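Report on the structure
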Amino acid sequence: MKIMPHVRIYIHAVWTTKYREPYLHSNLLRTRVWKHIKENALNKGLCVNFVNGYTDHCHCLIELQANQSISKVIQLIKGESSHWINENRLCKGFFEWQNDYYAVSVSKSMLPIVRDYIRNQEAHHSKKSFEEEENALVEK
């Protein structure tokens, strides 16, 4: 009997635009970018469970497969999405994501809470800056 790996690793990843520039300034633009990230990830065999963000950053809830690493998955998502944004001239100037990112594991029981947190980024950032959010994430 062949045993297949049963892996369920959920990662909440966050990264910013280069120099935290508000490149993703409109709801329409953000919606296009998040939709593209999710669709492109699926085409590459990556599972982006949920994606959203705000003008200067992106939140992704990622389900890692047994043969995937956090760094490689995030590199693929960031690299391809910035290329796509530039190729389609969606921003003034040259779009880049910052090199660094934040990533933390999420238990299955917390998935609905993390999805809601990611879903409500616009409302969240009407009250808190990204720096305040980042500090709170790191403390947790």
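This text goes with the structure placed above it.
Before going into details, it helps to say that this report is about the structure given with it.

Rules behind the numbers
Residues numbered from 1 in each chain as written. Predicted model: local features only at pLDDT ≥ 70, side-chain atom pairs only at ≥ 80, totals over all residues. Heavy atoms only, no water. Pairing = 2+ DSSP bridges. Helix = DSSP H or I, 4+ residues; strand = E, 2+ residues; numbered from the N terminus. Axes fitted to C-alpha atoms, helices over the stretch in contact; angles between N-to-C directions. Contact = heavy atoms within 4.5 Å.

What to know about the sheet that holds strand S4 (residues 102-106)
Pairing in this open sheet of four strands is antiparallel, and the strands run S2-S3-S1-S4 from one edge to the other. The sheet is open, and its two borders are formed by strand S2 (47-54) and S4, each paired with just one other strand. Within the sheet, the average angular offset between the axes of one strand and its neighbour, ignoring direction, is 20°. The pairing of S2 with strand S3 (residues 57-64) spans seven bridges and is classified as antiparallel. From the neighbouring strand, Gly53 faces S3, where its bridge partner is Cys58. Packed onto the sheet, helix H1 (residues 27-43) meets S2 and S3 and runs at close to 165° relative to S2.

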